[in-house]
Structures are given as C-alpha cells and as structure tokens.
Amino acid sequence: MTGYDPARRPVYIGHEIYRHSTYGPKHPLAIPRVPVVTDLVTALGWLPDDQFLQSPRATPEALLAFHTPDYLAALQRAEATQSVNDADRARHRIGADGNPVYREIFSRPATGAGGVMLAAALTAGGGVVHVPGGGTHHGRPDRASGFCYLNDCVLGCLEWLGQGLTRILYLDLDAHHGDGVQDAFATDPRVLTLSIHEAGRWPFTGALEDRAGGIARNIPVPQGYHDAEATWVLHNAILPILRYWRPQAVMIQAGADSLADDPLAKLSLTNAAYRATLAAVMPLAPRLILLGGGGYNPWSVGRCWAGLWATLNGLPIPETLPPAAEAVLRAQSLNRAAGRNPPDHWFTTLADPAPEPRAVREVVRTACARVLEDIPRGQD
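Residues numbered from 1 in each chain as written. Predicted model: local features only at pLDDT ≥ 70, side-chain atom pairs only at ≥ 80, totals over all residues. Heavy atoms only, no water.

## Brief notes about the overall build of the chain
Summing up its helical and strand segments, the chain has 13 helices and 8 strands in all. Its C-alpha atoms give the chain principal-axis dimensions of about 55 × 50 × 45 Å. When contacts within the chain are restricted to residue pairs at least 6 apart in sequence, those whose partners lie at least 24 apart make up 79%. For the chain, the accessible area works out to roughly 14,500 Å², and carbon and sulfur atoms hold 53% of it. (Helix = DSSP H or I, 4+ residues; strand = E, 2+ residues; numbered from the N terminus. Contact = heavy atoms within 4.5 Å. Areas by Shrake-Rupley, 256 points an atom, 1.4 Å probe, with all protein chains shown as cover.)

This is the structure in structure tokens:
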C-alpha cells in the first residue's frame, strides 16, 4: 500500500464483489449501489489509481473483535451450503427477518468489514477514507439484523480504539436508527454515537431520551424531514457536539435512504443536505471515515455518494454529466414504482433540484436543544 496517504489525498476503498452480488430479485438490496458510485466517479475522472484501494476480506479471526465464533461459523456454513439449518436460523436470524441466504453471505460483509478496518488503520496518523461498501450499522455480535450480517462500523471504531484513541464520534445519517453501533458502545465513554433517523421506523429504537446508559445521542426526526431542518440539525446539534466533544476521529454512516427519492423511508432530503453536512464536519475531524449504509434507489444512492466523494476531494459538482457518467446512470433499473418513470435529472446530473424554502418544525428544534444537554467536554 505504498503511496496511499489519506492525510494527503482521500482514499477510496472498493471491491468488485459488489458488482454481481444481490440479496435476491425481490429484496430491497437487489439493486447495485457500490458499483454505481465507483463507475460514476471513474467516468468523471475522479478516481486516479493512487486514490483507489482494493478492500481486503476480513478474516474470521479479525472479526472476533466483535462477533462470536458460533455466529461466524454459521455465516460461513450458510455461504458454503447456500442453505441454513433450523438452529442457525433461530439463533442467528440467518435466512429470517429480511436477512436472506445469498451467494456471498459471508464474503461480502467480510469484505466491507475488511475495508472499514483498513480505513481505520490507514488513518492512524490522520486523513480521510471513503468506504461506500461499509455502513452495516444494525449487525449484532451473534446475529444478523436489518440486512446487516456483520457490523463494520463497530469493527472500524474498535480498530481506532486499539490505536489508543479516546474520543470518537460516530455520526449516523441513515433513515434507520444506528442501533447496533449504539448498543456496542453503550457503556464506553470513548465513543459518542449520534444518530439522526426517522421517528417510528424500524428498528423502533433511538428515542430522543435514549442515551443507552452512556453518552449516546439520538435525534428522531418526523416524516418529511427536509433540507432546512437538516441545516438546523447541522448547526444546532452536530457542529456544537463536535466542537464540545472535540473528537480525535469521526466516522460518518451516510445511508442514502433519508433522501426524498428513496422508496422505503419517508424523509425528504436532497443530496445537497448530505454534502453540506460532510463539508461542515470535515475541518473538525482529524481522522474521517465516510461509509455508505442504507439506500434502495440505485440512481439516488449512486449520485449521492459520488457527490460525497467530490466533497471529500474539493471537486465541484458539474451542472450536467458527461456522456460516460450519464451512461452509467442510464444503465440502472429499479423494479419499483419509482423506477417506472425516472425523472431526467436522475441521469443527467449529480445534484438534486434545489428544494423550496420551508419552516423548521418545533419538534426538530426541541430535539436539537435536548441532545446538547450534558455533552461531555473533550480533554486532551
């Protein structure tokens, strides 16, 4: 890995395992996501060789930092046999609850975990790494949950902690509460988790008053949560917490299902809100890992995450895409209502149309004020 210096230029960690991997034709993760963003940034000339790294696959031994031996063995059995026995299904929720047995059921999440752990190792001395295949924030030590078989977010934070860091901020922008990460560090004063997610949505955790017995913070937002409210949250919760906690490292889970174009959630952000949040956090993060996460529309996910890669590199968002990038987007499909008549801007630009001005609702203002109560002050 000579020549890869995330303190000098952001590093992008990817892998071809995502290109032909699917959870099954009727699953929300039937769609390609990492290949779309990789192909987009390549077509735009934004991914030179000295910024791209192939993700290693985490070994079972490395995964034991968070996951149990029995569970890892069950995942490997499921991949080898392409089936799951009744005991493993009941105990580890493999082949249950929307967590199907599929061809790369161990190899794909282990590749994501290996990429995030590598990102943490690369940023030991500072810098920025993007791992769009990471972000499986629901994974539990001994079971699959919410389409997540491993928890690469936790494994990456553990790598940072192993380097001796004592103040990590985990910021979760996914429409679903980052329950697996919060619970993993519930009693660890070295990791502050902040999740901004749709209220009343699975996994039905992350209430405003939920601090997980420690320093966790949650902002459950109402349906229709929009850019003006995201701006309020940024300036009245995220940035104040950053300035007070003074993290040595920041991990952002940038699940794209909070976008208005996502078919599962009921939030209303444009991808400009994601870029604005990332741009504001970057100067306050001595070490930064940007992950993927949820998102179930290949056009909105690819365009959002490609725009975030541009933000990391200080690149302007083009008004219109060149033909090679447009061809990447026109090659996508979605077997849902939203995919039947996709609007033209899904093909021709990365930026969503600017939203109409809207008022910030009181529930959002109140939540921001509440999460700032008793934030611990970072000490060198």
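On we go from here.
## A closer look at the packing of helix H8 (residues 227-245) against helix H9 (residues 271-281)
One can describe the packing of H8 onto H9 by two numbers: an axis separation of 10 Å at closest approach and a directional angle of 20 degrees. Overall, the two elements H8 and H9 adopt an arrangement that is roughly parallel. Judged by the sense of rotation from one axis to the other, the crossing of H8 with H9 is right-handed. Within the contact between the two elements, H8 uses Asp 227, Ala 230, Leu 234, Ile 238, Leu 239 and Leu 242 and H9 uses Ala 272, Ala 273, Ala 276, Thr 277, Ala 280 and Val 281. (Axes fitted to C-alpha atoms, helices over the stretch in contact; angles between N-to-C directions. Parallel < 35°, antiparallel > 145°, perpendicular 65-115°, else oblique. Left-handed = near helix turned anticlockwise from the far one by under 90°.)

## Section: the packing of aromatic side chains
In total, this model carries 8 aromatic pairs according to the counting rule given. Taken together, the aromatic side chains of Tyr 12, Phe 52 and Trp 309 make up a single cluster linked through ring pairs. (Phe/Tyr/Trp six-rings, centres within 6.5 Å; stacked < 30°, edge-to-face > 60°.)

## Section: the environment of Ala 58
Secondary-structure assignment places Ala 58 in the loop between strand S2 (52-54) and helix H2 (60-63). Distance in space between the C-alpha atoms of Ala 58 and Leu 118 is 9.2 Å, their sequence separation being 60 residues. In this structure Ala 58 touches Leu 63, Phe 106, Ala 110, Ala 113, Gly 114 and Met 117, once residues within four positions along its chain are discounted.

## Looking at the sheet that holds strand S3 (residues 127-131)
Strand order in the open sheet formed by 8 strands is S2-S1-S3-S8-S7-S4-S5-S6, with parallel pairing between adjacent strands. Because the sheet does not close on itself, it has two edges, and the strands there are S2 and strand S6 (217-221). Sheet twist, expressed as the average angle between the axes of neighbouring strands with direction ignored, equals 15 degrees. Two elements, strand S1 (residues 11-14) and S3, share 2 bridges in a ladder whose sense is parallel. Looking at the pairing, Tyr 12 lines up with His 130 of S3. Strand contacts of helix H6 (residues 152-162): strand S4 (168-172), strand S5 (191-198), strand S7 (249-253) and strand S8 (287-291), with the helix running at about 175 degrees to S7, the strand carrying the most contacts. Against the sheet, H8 touches S4, S5, S6 and S7, its axis set at about 170 degrees to S5. (Pairing = 2+ DSSP bridges.)

## Side note on the pattern of salt bridges
Here the structure, examined in full by the defined rule, presents 17 salt bridges. In this structure, Arg 19 engages Glu 16 in a salt bridge whose closest nitrogen and oxygen atoms are separated by 2.7 Å. Glu 16 gets classed as partly exposed once you look at its relative accessible area, which sits at 45%. The salt bridge involving Asp 179 is made with Arg 140; its shortest N-O contact spans 3.0 Å. Of this pair, Asp 179 sits in helix H7 (residues 179-184) while Arg 140 sits in the loop between S3 and H6, placing them 39 residues apart in sequence. In this structure, Asp 179 and Arg 140 share a single accessibility class: buried. Salt bridges here are not isolated pairs; linked through shared partners, they connect Glu 16, Arg 19 and Asp 39. (Salt bridge = Lys/Arg side-chain N within 4 Å of Asp/Glu carboxyl O. Buried < 20%, exposed > 50% of the residue type's maximum accessible area, 1.4 Å probe, protein only.)

## Looking at the side chain of Gln 248
Tracing the backbone through its elements, the reader meets Gln 248 in the loop between H8 and S7. Non-local contacts of Gln 248, meaning those with residues more than four positions away in its chain, are made with Leu 165, Thr 166, Arg 167, Pro 286 and Arg 287.

## Quick notes on the packing of H8 against helix H13 (residues 362-371)
For the pair H8 and H13, the least separation of the axes is 9 Å and the interaxial angle reads 5 degrees. Between H8 and H13, the crossing angle belongs to the class labelled roughly parallel. Along its contact with H8, which presents Glu 229, Trp 232, Val 233, Asn 236, Ala 237 and Ile 241, the element H13 presents Val 364, Arg 365, Cys 368 and Val 371.

## Describing helix H1 (residues 34-43)
Counting buried residues along H1, 7 of its 10 residues qualify, which places the element largely inside the surrounding structure. Turning to H1, its buried residues number three or more, namely Val 34, Pro 35, Val 36, Val 37, Thr 38, Leu 40 and Val 41. Looking at the packing, one finds that the buried side of H1 touches S1, helix H10 (298-313) and helix H11 (323-330). Once H1 finishes, Gly 45 follows within two positions and takes phi at roughly 75 degrees, a positive value.

## Focus on the environment of Arg 336
Along the polypeptide, Arg 336 turns up in the loop between H11 and helix H12 (345-348). Along the chain, Arg 336 and Phe 106 lie 230 residues apart, while their C-alpha atoms are 28 Å from each other. Non-local contacts of Arg 336, meaning those with residues more than four positions away in its chain, are made with Pro 28, Pro 263 and Leu 264.

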